[in-house]
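As a plain string of letters, each chain reads:
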Amino acid sequence: MVRLEEILEKVAGYNPSADLDVIKKAYVFSGVVHQGQTRVSGEPYLNHPLEVANILTSLKMDAASIATGLLHDTVEDTHTTIEKIEEVFGSEVANLVDGLTKLSRMTFEKKEDQEAENFRKMILAMGRDIRVILIKLCDRLHNMRTLGALDPAKQKKIARETLDIYAPLANRLGIGWMKFELEDLAFMYLEPEKYAWLKDRLAKERLQRESYLEEVKGIIEEKLKEHGVSGEVTGRFKQIYSIYKKMSDQDVDLENIHDIIAFRVVVKEIKDCYEVLGLVHSIWKPVPGRFKDYIAIPKLNLYQSLHTTVVGPYGIRMEVQIRTDEMHRIAEYGIAAHWKYKEGVAAGGKDDKSFAWLRQLLEWQKDLKDSDEFMESLKIDHFPEEVFVFTPKGAVKEFPVGATPVDFAFAIHTDIGNRCAGAKVNGRMVPLKYKLRNGDVVEITTAQSHHPSKDWLKFAVSSKAKARIRQWIKTEEREKSIDLGKEICEKEFLKHGVEYAKILKAGDLEKICKDLGLKDIDSLLASIGYGKVSIHQILGKILPPEKLEQKQKFFFRKVLDKFKSKPISNAVVVKGVEDVMVRFAKCCNPLPGDEIAGFITHGQGVAIHAMGCSNLMNIDSERKIDVEWDKKARTTRPAKIEVLCRNEKGLLAEMTNAIKAADANISSADIRTNQDNKAVCTFEVEVNDLQHLKSIMAGLQKIKKVIKVERLRGVAKDSEGAV
């Protein structure tokens, strides 16, 4: 366990004028309020804030941040209040603690809503003071280092969140070492067997690689000395998760991953960087397309460096990074090394380009009210790789890899995106789904008659573009639903001898709006058009019961006859509605045990999607409806499994036996081989629930010649993802 004296010594070492008394006071305060509390592992709770404070010293943080690290859980996990923190430590520390405190005392309908609101609060606090997220990252890093004490389900949930949100945030803030450690720890818990296998394989070849590192390091140092360039050369192995991701993305074995080794050369001046680049290329041949100049075009997280991949001794590919001392300091400490932060200037000033991504984050979080959309957007905009393109006037724009002219158009201005009709890249017309590449010059053509389409959501990548497209579609759908709702009212009212215009003039519809909690008549008509409010609910509030009953007898008989010919699923319960027809979406093919959501289709019942389905993200949130699995129902559902394995005799028999042993029936099977002489087997099996599917997949994974087993979700058949 780290001791307070060690923390104080480190702080005094990099900041002799630091207020050590506030750190001592925070340690005593935290010790008193956390007294008697223990972590899941059984160790005293105080160990955690001490370790967080210690990690903060590695970023050379100020005394207020170190004190906050010691106090960060006091409001959430003890009876301490923010007011008490402010009274004892002042407003600066109190504001930092408040920014880190979760919204645990608020209630939300869904857990996802609570998680999204926690992130919203953190992002808003981060906009006021960037130290909030730096402290939060140190807190998450220690939690990941001690995750082994939790049960496997919690481990996987926290690890997934770390990989999706916190590791990319560390990357955005320029703290590379923290990003790498968070990714490796998350990978270890998400894929323990693959992590252990890869770690063991790399360890076996470590001595050989270390010898190679020393040899190459010596060659570079000799070349620098020969040309009178002063610089420090270091070598390292790439992180386990980075290697695994390459294997997975490229579908290759470890033997085919060549650039596992990387070297770094740190020099005094920028001109030396380019001289060293020339020297490296004079020794070894560069790999085409693998050179990146982040000095001329820095990353938004302040990172600057030259990256090149060369074919080194013995034909081994290796990456060489070249940077100055100052660039290296920023690469190590990220945003914490920024001079404005050191002077205490608030983040996000108009003239500070380094905080542009944070301003974007703050901007689009205001527009995304739906928690699913917000969390998905948060993940999308933190891709670790970027692509840099130019406007016709030469301004540089940065986007996630895979971005298209549509993303570019909305980045310029919302009106440009809404009227985008076409795009030119490097002077040539390209489709709107064209994927932008580094150095492209992009020009957008607009037309008043052109508007966003649902199809754009299939290839738009940036959060701003997706949010604006959804906003346009939602507005358009609302207008259509209002017209449809009005048409339904006019027809149904007429059937019952009532004129819509008279009811509207009498103010009856306004009273109904109040009864249903809707703000105006347009909202009522839109709800009728969406199918969220039944026309019979409206008629029931307007007509006398006896008149309505007489008219409805014949209508209900027709409806019942209609439903007799259509099976009503007994596997799902639609909250607040009885005997409604439900359909399972083929795009995600949910199984009992999956988290699910429903949405009301136009005249085709309720479509059931797996939570997180991309098609569900594109649906107006007003059409979503709460659904749950009927625990009493006994049913089977089809599920697809894809198995990647070595193409060897007898393997198909082993796989079918494994599926049979799990008490499942195979509905169909498709076997094909790829160029690497590996077999790709797709099975459709009948399963009882998600747990049943997992047991089948586990049985297949145990077969020695099987490389990978994964569940296939399916393919969307229409714009709503319905069957």
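Up top is the structure.
Residues numbered from 1 in each chain as written. Predicted model: local features only at pLDDT ≥ 70, side-chain atom pairs only at ≥ 80, totals over all residues. Heavy atoms only, no water.

Enquirer: Could you clarify how one ought to interpret the overall build of the protein in this entry?
Expert: For the protein, the count of helices and strands is 30 helices and 21 strands. Each of the 723 residues in the protein was classed as buried or not, and the buried ones make up 48%. Long-range pairs, those at least 24 residues apart, make up 66% of the contacts in the protein with a sequence separation of at least 6. Accessible area of the protein: about 36700 Å², with a carbon and sulfur share of 51%. (Helix = DSSP H or I, 4+ residues; strand = E, 2+ residues; numbered from the N terminus. Buried < 20%, exposed > 50% of the residue type's maximum accessible area, 1.4 Å probe, protein only. Contact = heavy atoms within 4.5 Å. Areas by Shrake-Rupley, 256 points an atom, 1.4 Å probe, with all protein chains shown as cover.)

Enquirer: When you look at the side chain of asparagine 54 in this model, what are you seeing that I'm missing?
Expert: Inspection of the secondary structure puts asparagine 54 in helix H3 (residues 47-58). Residues contacting asparagine 54, with those up to four places away along its chain left out, are Val2, Ile7 and Lys10.

Enquirer: It is not clear to me how the sheet that holds strand E15 (residues 606-610) should be interpreted in this structure. Could you clarify?
Expert: As a general point, the strands of a sheet are linked pairwise by backbone hydrogen bonds and lie either parallel or antiparallel. The sheet built from 4 strands is open, its strands ordered E13-E15-E14-E16 with mixed pairing. In the strand order of this sheet, the two ends are held by strand E13 (582-584) and strand E16 (624-625), each with one partner. As paired elements, E13 and E15 share 3 bridges and run parallel to each other. Directly across from arginine 583, in E15, lies its bridge partner alanine 607. (Pairing = 2+ DSSP bridges.)

Enquirer: Help me understand the sheet that holds strand E9 (residues 420-425), please; the structure alone is not making it clear to me.
Expert: Overall, antiparallel pairing links the 3 strands, which are arranged E10-E9-E11 in an open sheet. Two strands bound the open sheet, and with one partner strand each, they are strand E10 (428-430) and strand E11 (442-446). Pairs of neighbouring strands in the sheet enclose a mean axial angle of 40°, with direction left out of account. Two elements, E9 and E11, share 5 bridges in a ladder whose sense is antiparallel. Note that in E11 the partner of valine 425 across the bridge is valine 442. Those strands touched by helix H20 (residues 405-412) are E9, E10 and E11, and its axis lies near 80° from that of E11. (Axes fitted to C-alpha atoms, helices over the stretch in contact; angles between N-to-C directions.)

Enquirer: In this structure, what is going on with the nonpolar core? I would like to understand it.
Expert: A general feature of soluble globular proteins is that nonpolar side chains tend to end up buried together. In terms of nonpolar packing, the biggest core is built from 71 residues, with Ile23, Met178 and Leu182 touching the most fellow members. The element that contributes the greatest number of residues to this core is helix H9 (residues 131-145), accounting for 8 residues. What methionine 178 contacts, discounting residues up to four positions off in sequence, is Ile55, Leu59, Leu137, Cys138, Leu141 and Ala170. (Core = buried A, V, L, I, M, F, W, Y, C linked by side-chain atoms within 4.5 Å.)

Enquirer: What should I look at first to understand helix H30 (residues 690-701) in this one?
Expert: Here H30 contains 12 residues, and its C-alpha end-to-end distance of 16 Å stays within 8% of the 16 Å for a straight helix at 1.5 Å per residue. Inspection of H30 places Leu690, His692, Leu693, Ile696, Met697 and Leu700 among the buried residues, and these make up the whole buried set. Buried residues of H30 fall within an arc of 160° about the axis and therefore sit on the same side. Against the buried residues of H30 lie strand E18 (637-646), helix H29 (651-661), strand E20 (678-687) and strand E21 (706-712). (Expected span 1.5 Å × (residues − 1). Arc of directions from axis to C-beta.)

Enquirer: Where do I start with unusual backbone geometry in this structure?
Expert: In most cases, non-glycine residues show a negative phi, while peptide bonds are predominantly trans. Positioned with a positive phi, lysine 60 is a non-glycine residue whose angle comes to about 55°. Along the polypeptide, lysine 60 turns up in the loop between H3 and helix H4 (63-71). On the accessibility criterion, lysine 60 (34% relative accessible area) is partly exposed. The backbone of asparagine 589 shows a phi angle near 45°, a positive value even though the residue is not glycine.

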